[in-house]
Amino acid sequence: MTSDADALPPELEAPAGAGGAAALLTIPGAGLLRPTSQLGSRLAQMLLTALAASVITFTALYFAPGNPLAVITGGTPTSPRAAAQLRAEYYLNHSFPAQYWHWLSGVLSGHFGTSFLYHVSVGSLLSGRLPTTLLLVGMASVLIVGGGLTMGLLSAFAGRRSNVAINTLYAVSIATPTYVVAIVLITIFSLYLNWFPVFGSGTGLTGRLHHLVLPAVTLALGSGGALARVTRASVLEEASREHTITAVARGMTPAQVLRRHVVRNALLPVTTGAGLIVAALIGGDVIVEQAYGLNGLGSLLVLAIERKDYPVVLGVVIVIVAAFLLINALVDILYVLIDPRTRARGA
Amino acid sequence: MSRLFMGRLRELLRGWGPRLKIAGTIAVLLIAMALLAPLLAPHDPNLVDPLQPLAPSSSQHLLGTDQFGRDLLSRLLYGSRTALLGPLVVVVISTVTGAALGIAGAWHRGWVDALVGRLFDLAFSFPSMLLALLIVTVMSPGLLSAAIAISIAYVPWVGRLTRASALREVNEPYVEALRLQGFSTVRICTRHVFRNISGVILAQATMSFGFAMVDLAGISFLGLGVQEPTADWGTMINAGESSIVQGHPQEALYAGGALVLAAVTFIMIGDALSERFESSVDEGALRRLFEGSFRFGRRRQPQAVPADAAS
């Protein structure tokens, strides 16, 4: 860990904010993967982190206020015998470690427990909500990567004047929370122009896509600016490096220099930034789903928190953390593919 | 501590650009608005008027009313109180904890550093918003628990930044010199190391203030932060969203606008402060390299590199 943090390039140390996209630019141990020998240890580290996260979440929810039995029965009075039966059914009459073990072994065989509120398996609730969330995050990612890279590259060409403009734009874009963007977009495009539906997820693929346009744009607007800024900064840095100047002096055409020297090297921090931004979309998606009344994982989580349906909270948290870790691992692998030097060092 | 920060602040205020002066003025106005809300507000923010729900702006209600007939201007003014108070709590808790952990890690290295680093790594494996929501679940909904939740989510960020800056600082010869003179660790850390990196921390804290404002309002928007009937911009956006469909977007838009203005103000100040502590990139590098080469597809012959690009 110590060496990891030291190796972090200073330009990637960005200021923080939980929802703010700027928060995403610090890389927790990213890009330090030396392939094959390190792939295994990276995988083990990932599993260990997921396990620790599950222990923390389970413990926190176990000691959270509220009586699970009251949630299961909906607050209606229950006879002691029926209560005992319910406790046995929901595995509540066991010790804390036994409950955790029961849950963990369930997860490993694909069972996420039973919802206190809906009395159905958490797995079926999750899989019913997953398509909306995946589609939303996917659409937003395409918009962010496409738009952010283009804007970043274009503004790098515009030189110094664009700095003030892009910084102000960036400050506004990261300070404008997704729920504010949502109400502005709903007001303009749904209320006045009537182009898109106000609420709901729609049915069928085209219906879903149509319903998800505004939410995806909302998610993308929040973090596209951050990627543009990273792209701009790293492209400019590479352009002023000696190897680029040497390449120009060697007589390479500008297009070649741009592709082989500037963009190729700039891709490293940009990939990391893009990975982190996409990973954080999974968190930002909670608010967007609530704002547009979408029936995805995020709105399931908020409802479960309000109603103290802890098995569902636990299930959603684990799925999101797993996705978050997976994307971070994918970024590490991409890193090796882009930069052969990391491969050479590992040999 | 406060004298130390005030001195820093005065030093930083020197040479502020026009953008920063505007932002600073807005920040001062916002703080005044929060303090003087009872004097400025024309109505009681919680006074319900069932006869005038969703009224348009009039001489009686300058910005109109919400779905319960409460005066929107008064609620906006009072909303600035929770909007500023929450982030203040967040910044104080996360900065003090994060800076202490970061400096401790940089100073001791070894197992302290490893332990702190592992804790931060674990926190980073949760999306911040998710971590905050989880903490709110465990404590019950409310402004204070939302603020504590956001603080905990921010600690690793502050800690990482502080550790990176402190690491450079503790290797300076002056630290060794102080140690040889017999000064205590705590004294060297607080009076010297912390003081020397306080600029970076102050910039970070200002920016965190803006982000915390957005995140706290987000939690309130989800219904898990500030609870009705307390006036808050986040809950106003949430409540106002249902009125949009009925053709009354004013409540959500006013509250959203106020929130964005306030958050942008603090983030811009923080951003400008942090720029002073970072080396800047050569802004014109790419443009100079390819000057003219993209016009009308004419390929320019490679030339000698301009002298200033090489420097």
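Keep in mind that what you see is a predicted model, and the values were worked out from it rather than measured.

Reading the values: rules and limits
- Residues numbered from 1 in each chain as written.
- Chains lettered and ligands numbered in written order.
- Predicted model: local features only at pLDDT ≥ 70, side-chain atom pairs only at ≥ 80, totals over all residues.
- Helix = DSSP H or I, 4+ residues; strand = E, 2+ residues; numbered from the N terminus.
- Contact = placed C-beta atoms within 7 Å.
- Buried ≥ 20, exposed ≤ 12 C-beta atoms within 10 Å, placed from the backbone.
- Core = buried A, V, L, I, M, F, W, Y, C linked by C-beta atoms within 7 Å.
- Axes fitted to C-alpha atoms, helices over the stretch in contact; angles between N-to-C directions.
- Parallel < 35°, antiparallel > 145°, perpendicular 65-115°, else oblique.
- Left-handed = near helix turned anticlockwise from the far one by under 90°.
- Domains from an automatic or database assignment.
- Expected span 1.5 Å × (residues − 1).
- Bend = angle between axes of the 7 residues up to and from the residue.
- Nonpolar A, V, L, I, M, F, W, Y, C, P; charged D, E, K, R; others polar.
- pLDDT = per-residue confidence, 0-100.

**With respect to the overall build of chain B**
Helix and strand counts for chain B stand at 13 helices and zero strands. When its helices and strands are written in sequence order, chain B yields α-α-α-α-α-α-α-α-α-α-α-α-α. Sequence-distant contacts, at least 24 apart, represent 68% of the contacts inside chain B between residues at least 6 apart.

**Describing the overall build of chain A**
Of regular secondary structure, chain A possesses 14 helices and zero strands. In chain A, the succession of α and β elements from N to C terminus is α-α-α-α-α-α-α-α-α-α-α-α-α-α. Among the 347 residues that make up chain A, the fraction classed as buried is 46%. Intrachain contacts of chain A at a sequence separation of at least 6 include 74% that bridge at least 24 residues.

**A few points about helix H6 (residues 128–138) of chain B**
In terms of residue burial, H6(B) counts as a mostly covered element, since nine of its eleven residues are buried. Within H6(B) the residues assigned to the buried category are B:Ser128, B:Met129, B:Leu130, B:Leu131, B:Ala132, B:Leu133, B:Leu134, B:Val136 and B:Thr137.

**Some points on the nonpolar core**
Among the nonpolar cores identified, the biggest contains 165 residues, and B:Ile150, B:Met213, B:Leu259 and B:Ala263 are the most heavily contacted of them. If we ignore the near neighbours within four places in the chain, the residues touching B:Ala263 are A:Ala175, B:Gly210, B:Met213 and B:Val214.

**Considering the packing of helix H7 (residues 143–170) of chain B against helix H9 (residues 185–221) of chain B**
For any two helices packed against each other, the geometry is given by the interaxial angle and the distance between the axes. Residues and elements named next belong to chain B. Where H7 contacts H9, the two axes come as close as 10 Å, and the packing angle between them is 155 degrees. As judged from the angle between their axes, H7 and H9 are roughly antiparallel. Considering only the axes of H7 and H9, their crossing is right-handed. When H7 is examined against H9, the residues Ala146, Ala147, Ile150, Tyr154, Val158, Leu161, Thr162, Ser165, Ala166, Glu169 and Val170 are found in contact with a partner set consisting of Val193, Asn196, Ile197, Val200, Ile201, Gln204, Ser208, Ala212, Asp215, Leu216 and Ile219.

**As for the domain arrangement of chain A**
All names here are of chain A. Along its sequence, chain A is organised into domain 1 (38–108) and domain 2 (126–346). Those elements giving two or more residues to the side of domain 1 that touches domain 2 turn out to be helix H2 (37–62) and helix H3 (68–73). No other element matches the ten residues that H2 contributes to the side of domain 1 that touches domain 2.

**A few points about the environment of B:Glu241**
Inspection of the secondary structure assignment puts B:Glu241 in helix H10 (residues 233–244). Given 25 C-beta atoms within 10 Å, B:Glu241 falls into the buried group. Through-space distance from the C-alpha of B:Glu241 to that of B:Phe194 is 45 Å; in sequence the pair is 47 residues apart. Leave out the neighbours within four places in its chain, and B:Glu241 touches A:Ile183, A:Ala291 and B:Ala252.

**Structural notes on the environment of B:Gln250**
All names here are of chain B. In this fold, Gln250 is placed in helix H11 (residues 250–275). On the basis of neighbour count, Gln250 is assigned to the buried category, with 20 C-beta atoms found within 10 Å. Separated by 80 residues in the primary sequence, Gln250 and Val170 have C-alpha atoms spaced 53 Å apart. When near neighbours in sequence (up to four residues on either side) are disregarded, Gln250 contacts Leu63, Gly64 and Leu72.

**Things to note about helix H11 (residues 254–292) of chain A**
For an α-helix, 3.6 residues make a turn, and residues three or four places apart therefore share a direction. Residue and element names in this part refer to chain A. An ideal rise of 1.5 Å per residue puts 57 Å on 39 residues; H11 reaches only 46 Å between its terminal C-alpha atoms. The largest bend along H11 reaches roughly 40 degrees and is located at Gly283. Of all 39 residues in H11, 32 are buried, a share of seventy percent or more. Phi turns positive, to about 60 degrees, at Gly293, one or two residues after H11.

**Here's the deal with unusual backbone geometry**
Omega for the bond connecting B:Glu228 with B:Pro229 falls within 30 degrees of zero, at 5 degrees, which places this linkage in the cis form. Along the chain, the position of B:Pro229 falls in the loop between H9 and H10. In this structure, A:Lys308 takes a positive phi of about 60 degrees despite not being glycine. Among the structural elements, A:Lys308 can be located in the loop between helix H12 (297–307) and helix H13 (310–338). By C-beta crowding, A:Lys308 is classed as buried, having 20 other C-beta atoms within 10 Å.

**Focus on the environment of A:Pro68**
Residues and elements named next belong to chain A. Of note, Pro68 is situated in helix H3. On the neighbour-count criterion, Pro68 (19 C-beta atoms within 10 Å) is partly exposed. Between the C-alpha atoms of Pro68 and Arg87, which are 19 residues apart in sequence, the distance is 9.0 Å. Discounting chain neighbours no more than four positions away, the residues touching Pro68 are Tyr90, Leu92, Phe116 and Tyr310.

**Considering the packing of H11(A) against H13(A)**
All names here are of chain A. Where H11 meets H13, the closest approach of the two axes is 9 Å, and the angle between their N-to-C directions is 170 degrees. Accordingly, the angle class assigned to the pair H11 and H13 is roughly antiparallel. Residues Leu267, Leu268, Thr271, Thr272, Gly275, Val278, Ala279 and Ile282 of H11 lie in contact with H13, whose contacting residues are Ile320, Ala323, Phe324, Ile327, Asn328, Leu330, Val331, Leu334, Tyr335 and Ile338. Among the residues forming the contact of H11 with H13, the class breakdown is 14 nonpolar, four polar and no charged.

**Describing the confidence of the model for chain B**
Across chain B, pLDDT averages 79, with 83% of residues at or above 70. Model confidence for the complex: the whole-complex pTM is 0.75, and ipTM, which rates the interface, is 0.70.

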